[in-house]
Structures are given as structure tokens and as C-alpha cells.
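# Results of the structural survey
Listed below, chain by chain, are the residues.
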Amino acid sequence: MALFHVGFISYTLRREVDINVVIPTCTIPEAMGMNGAPTHKHKAPFPVLYLLHGFGNNYSVWGRYTNVERYAEERQIAVVMISGENKGYMNQPGGKDRFHVGDKHFDFLSKELPEFIQANFPVSDRREDTYIAGLSMGSMGSLLHSLTNPEQYCAVGSFSGPMMRMDMNYGKSYTAEELKEMVSPDAIELVKKAKAEGKTFPKYYVSTGKKDGPERAKAFAAFLEENGISVTTNFEKDYGHEWRCWEENIEEFLDWLPRTDAYAGTMRQI
């Protein structure tokens, strides 16, 4: 596998940013000629997953706490990991001059980052090959971005972080009917707007551990389904808000992806 740690100047954030990019490359079995003549040439561009972290973490944490590199190498998919800096992958207000523009994290993730990745790595620019997923804050980021630009992604992963109202009391028990009222007004408006514009929604994979308030995620998944959006759910894992859950989530999500690329359906020996 190839793991690229990249520092580059972002014209959106107006500073240098660090990202990690996983690109499938020649494996040891392939280098030993076990699967034909080894080569660094790719038969086609790779599908790409933009993978978002949670609150308090950065671009490196998915690679440190999970086996996402191996999973990506086995399944031949590129993975891009960035830092959200506790800002929810949203634009932040700035000052009145060109030196205080505010951190436009939404614009960076939705526009500049795909442009940079497609220009510098062998990844596909097809919507059918583009995915976004995240845990906790990253889950909410993946939902926000995919509902705002539903035709940018083919599939979305939400792990332990549905979009619910900011004033929700997470220590309170809500009835099913009350939980319906707790879905984020932003999500409701984004879905309403996209439907009115006749846009096609991606497919969603929504998962939360049994000890992590799955009722909230169930209510959000039901909201998506009620609006005719395809949803696959998994609320059976006996975990709380923890990496053991997300480690399983990411491998299962990668296997679930509705892929149509040149590498779909293959599993490499690593």
C-alpha cells in the first residue's frame, strides 16, 4: 500500500493543511510475482472515500485506531482523511479584511479537496465512484455535505452521529414520536430543497452502537426513509461511542458500498 502524508497550500483556508491519502499499490505477494508480473500502472482510476474524524481528532486518527489502510488496499479504493478542527466541517465566520477570512471548512471539503485529489492522485471523478463517511462529528459532517450536495456522492456512511436538534437533551429518554421532532431542522430543509430541485440522493449506511443511544440514529434513518431515500442500518453492535465500534463500521461500510468501478468485487491478498 502507499500512504501519502501531504502538506499543501489551500486557497480556500489560505494556509497549509495536512491530509493523509491511501492509494492501493503493489503488494508484497504481487512484488514476488504471485499474481503475474508486478507493475505500478493502474488499470483504471480508483474509487475514493472521503473519511471524516470526530471531535478532538485529526487527519491521522482513522489510520492509527483502525485497519482502514489494509481494508482499502484489499478492496482497491483510495481513502482521503483530513482535519476538521472541531468545526463540524462547516464554514466559520471571518473578519472584514483578507487576512481574517474565517475557516471555510465546508467549501474546502466540498470543492477544493476533490479538485486537489483528482488533480494529483489516480482517482475517479465520477459520482458513482465517490463516497463520504465519518464518525460522530464526522458523521454529522458527512450527512451535512451529502444532503447539501446529494449528487456529489454515490454513498454515505454515518457512524454514531445522526443530525439531530442542537437543543436536544442527550440525557433524556424520548418517545418515538418525540424523536421525530428532534431531527435537525437543517436536515429537513436540505432534504426538502433537494427534492424540490429533483436531485438524486445517495444511498445511506447508518449505524450506532446499542450503548450509544441508537434511538436517535433510528429516528434519523426513519426520516430519510420517509423521504424516499435508500437507507441500510445496523444498530446491533454491543458498543458505546468507541473505536471498537467504528473499526467494525468502516470495514462493513467498505463491503457494503454499491461499487461499479473496474476493481469492484475483488479482494486482494495483503
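Details of the structure are given in the entry above.
The present account deals with the structure reproduced in this document.

Cut-off values and rules
Within every chain, residues take consecutive numbers counted from 1 along the sequence as written. Where totals are concerned, whole chains, interfaces and linings use all residues; where local detail is concerned, this predicted model gives features only for residues with pLDDT of at least 70, and gives and counts side-chain atom pairs only at 80 or more. Side-chain metrics in this entry use all non-hydrogen atoms of the structure; hydrogen atoms and water are not considered. Simply put, an axis is a line fit to the C-alpha atoms, just over the touching stretch for a helix, and the angle between two N-to-C directions goes from 0 to 180 degrees. By the criteria applied, helices consist of DSSP H or I runs no shorter than four residues and strands consist of E runs no shorter than two, each listed in order from the N terminus. For classification purposes, an angle smaller than 35 degrees is called roughly parallel, one larger than 145 roughly antiparallel, one from 65 to 115 roughly perpendicular, and anything else oblique. The handedness criterion is simple: a crossing whose near helix is rotated anticlockwise from the far helix by less than a right angle is left-handed, and one whose near helix is rotated clockwise is right-handed. Pairs of residues are marked as contacts when any of their non-hydrogen atoms sit within 4.5 Å. Polar contact criterion, stated in full: a pair of N or O atoms within 3.5 Å, where within protein one must be able to donate a hydrogen and the other to accept it, and residues adjacent in sequence count only if both atoms are side-chain atoms. Exposure categories follow from relative accessible area, calculated using a 1.4 Å probe and restricted to protein chains: below 20% of the type maximum is buried, above 50% is exposed, and the middle band is partly exposed. A helix is expected to reach a length of 1.5 Å times the quantity of its residues less one. Throughout, the arc means that of the directions going from the helix axis to the C-beta atoms.

## Description of the packing of helix α5 (residues 137-148) against helix α7 (residues 185-196)
One can describe the packing of α5 onto α7 by two numbers: an axis separation of 9 Å at closest approach and a directional angle of 25°. On the basis of the axis angle, α5 is roughly parallel to α7. As α5 packs across α7, the resulting crossing turns out to be left-handed. Taken together, the residues of α7 that come into contact with α5 (itself represented by Leu144, Leu147 and Thr148) are Ala187, Leu190 and Val191.

## Digging into the environment of Glu85
Here Glu85 is to be found in the loop between β4 (78-81) and α4 (105-120). When sequence neighbours within four positions are dropped, the list of residues in contact with Glu85 reads Arg15, His53, Asp103 and His105. Within the structure, the side chain of Glu85 is placed 3.3 Å from the side chain of His105, a separation counted as a polar contact.

## Quick notes on unusual backbone geometry
Look at Glu85: it is not a glycine, yet its phi comes out positive at around 55°. On the basis of relative accessible area, Glu85 is assigned to the partly exposed category, the value being 31%. Phi at Ser136 is positive, roughly 50°, even though this residue is not glycine. Ser136 sits in the buried class, given a relative accessible area of 16%.

## Concerning α7
Since the α-helix turns once every 3.6 residues, residues separated by three or four places project in the same direction. Over its 12 residues, α7 extends 16 Å from the first C-alpha to the last, a length consistent with the 16 Å expected when each residue adds 1.5 Å. For α7, the set of buried residues is Ala187, Leu190, Val191 and Ala194. Buried residues of α7, seen end-on, are gathered within an arc of 95° and therefore sit on one face of the element. At its buried positions, α7 is contacted by α5 and α8 (214-226). Two or three places before Asp186, at the start of α7, stands the capping residue Ser184, its side-chain oxygen 3.1 Å from that residue's backbone nitrogen.

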